[in-house]
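# Residue-level structural notes
The lines below spell out each chain.
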Amino acid sequence: MDNSAGGAITQPDTYGRPHLAAVDCRVHELLLRQERQERTTLKLIASENFASSAVLEATGSIFTNKYAEGYPGARYYAGNEIVDELENLAIERLKALFGCEHANVQPYSGSPANQAIYRALLSPGDKMMGLPLPSGGHLTHGWAVNFSGTDYQRIPYGLHEKTQQIDHDRLRETAKRERPKLIWVGGTAYPRIFDYAAMAEIASEVNSYLVADIAHISGLIVAGVHPNPVHHCDVVSSTSHKSIRGPRGGFILSRNEDRYQALYHSKNNHNLAKRIDRAVFPLLQGGPHMNTIAALAVALHEAANPSFRVYGQQIVKNAKALAQALLERGYDLVTGGTDNHMLILDLRDRPLSGKAYAERLSQAGIITNFNMVPGDWRHPALTSGIRLGTPAVTSVGMGEAEMVQIAAFIDLVCRQPDDPDVHACVRRDVADFCAAFDVPGMPDR
Ligand code: DSN
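Just so it is clear, the model here is predicted, and its values are computed rather than measured. (Residues numbered from 1 in each chain as written. Predicted model: local features only at pLDDT ≥ 70, side-chain atom pairs only at ≥ 80, totals over all residues. Heavy atoms only, no water.)

## So, the UniProt feature "site: Plays an important role in substrate specificity" (unreviewed entry) in the protein chain
Under the UniProt annotation, "site: Plays an important role in substrate specificity" (unreviewed entry) lies at His241. Checked against the element boundaries, His241 lands in the loop between strand 9 (235-239) and strand 10 (250-254). The exposure class assigned to His241 is buried, which follows from its relative accessible area of 10%. Setting aside chain neighbours within four positions, we find His241 in contact with Ser47, Asn49, Ser109, Gly246, Pro247, Arg248 and Gly249. (UniProt positions renumbered as here; feature names shortened; annotations may be inferred. Helix = DSSP H or I, 4+ residues; strand = E, 2+ residues; numbered from the N terminus. Buried < 20%, exposed > 50% of the residue type's maximum accessible area, 1.4 Å probe, protein only. Contact = heavy atoms within 4.5 Å.)

## Concerning the side chain of Asp277
On the secondary structure map, Asp277 appears in helix 11 (residues 272-284). Of the side chains with opposite charge, Lys274 comes closest to the buried, unpaired Asp277, at an N-O distance of 6.5 Å. For Asp277, the side chain forms a polar contact with the side chain of Asn104, separated by 2.9 Å. For Asp277, the contacting residues outside a window of four places in its chain are Tyr71, His102 and Asn104. (Lys, Arg positive; Asp, Glu negative; His and termini not counted. Salt bridge = Lys/Arg side-chain N within 4 Å of Asp/Glu carboxyl O. Polar contact = N/O pair within 3.5 Å; in protein donor to acceptor, adjacent residues only side chain to side chain.)

## Focus on unusual backbone geometry
Leaving glycine aside, a negative phi is the common case for residues, and trans is the common case for peptide bonds. Each neighbour pair has its own omega, and for Phe281 with Pro282 the value is 10°, a cis peptide bond. A positive phi angle, close to 55°, is found at Asn207, a residue other than glycine. Among the structural elements, Asn207 can be located in the loop between helix 8 (196-205) and strand 8 (209-213). The class for Asn207 is partly exposed, based on a relative accessible area of 28%. Although it is not a glycine, Arg245 adopts a positive phi angle of roughly 65°. Mapped onto the elements, Arg245 comes out in the loop between strand 9 and strand 10.

Below, the structure is given as structure tokens:
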């Protein structure tokens, strides 16, 4: 038995430990294959990133073992003095970074966070407005096959036909006609800045809660390269594993008081912050994942470092450089470019679907995801778009010059989608290209 003070739990990297190889060679082997894949390919999925070694270490730590149902100071299990401190630390760091009144760090991920917000603000059957998936929204913003579409009355709002950006005038008209109780602002495939002030004005005119989903852009907000919604919105939700580079998880930020308490909730009902907390636990979730909360606290500490601002700025510079290089090669981009970390190739007039191009790119070591685009005529399982994001390639240290090279790789594959020799050749070149960069969270070679 290892009684040393350090022991396994303080190993600097929590995956690839000798223990795993000895205990479960199958999983260890899969881990090594995943490591090799990630070292030798370009991770361009806009929602993925590379968490730091410290974040991975906290994720894989003994905090995994602790049950802590409840909230700090009010748990249903004993022995929580330390995890109380931990959860409060994560909460205080979030409040300081975003300047919000209340934070809940327990949601297991973005969709559960959004579900809790619905339960805290609405009753089943209430009207809500959101950006539909093909326009860049998220499943939980009222898509038909999601709980948000089945349990609530969904009123989609759209994009301006020419600019492909949110049409605030039409949104206002629809909101005035429909009087939704909640309006979402945010999405997963929207490459422009969200105008929270304009959305807040509309929401106030119709007595609607305004909820921002910042899952993709929370890191950009912390870095100061996207506006912060907390002063315009009643509630804000996020995942913690995208541009903010934390563990897989979610969090909710809110005001303490509910400005519509008298209108929509009995006066005996709790205030907004309390209703959010109660919706997360005990309504929807059980014990919080304390290892994830520990890793979130670490990621927030890292994000508070001035170097994170430089990182966020570089993400946007890289996205703009990649967009420009692709435009110069004749590709169409949704909205014509990007202001954030992502761009969406519009392939509606190309011979193959987004899915087919994504498969070809993957064979060439370029990892993307296919995505619907505004006006998409292909089936959602095929789509006419490819979404590209720069958070992960920026985390490995790539800059604008590398984005120009990545555009050249993408172009080579898309020009010859049916030539496996070209894909194999690009695959080798991509591996050589990636070899010059160290991947955070992975052991030194
Ligand atoms: N799956 C996430 C994304 O890729 O954007 C959204 O939930």
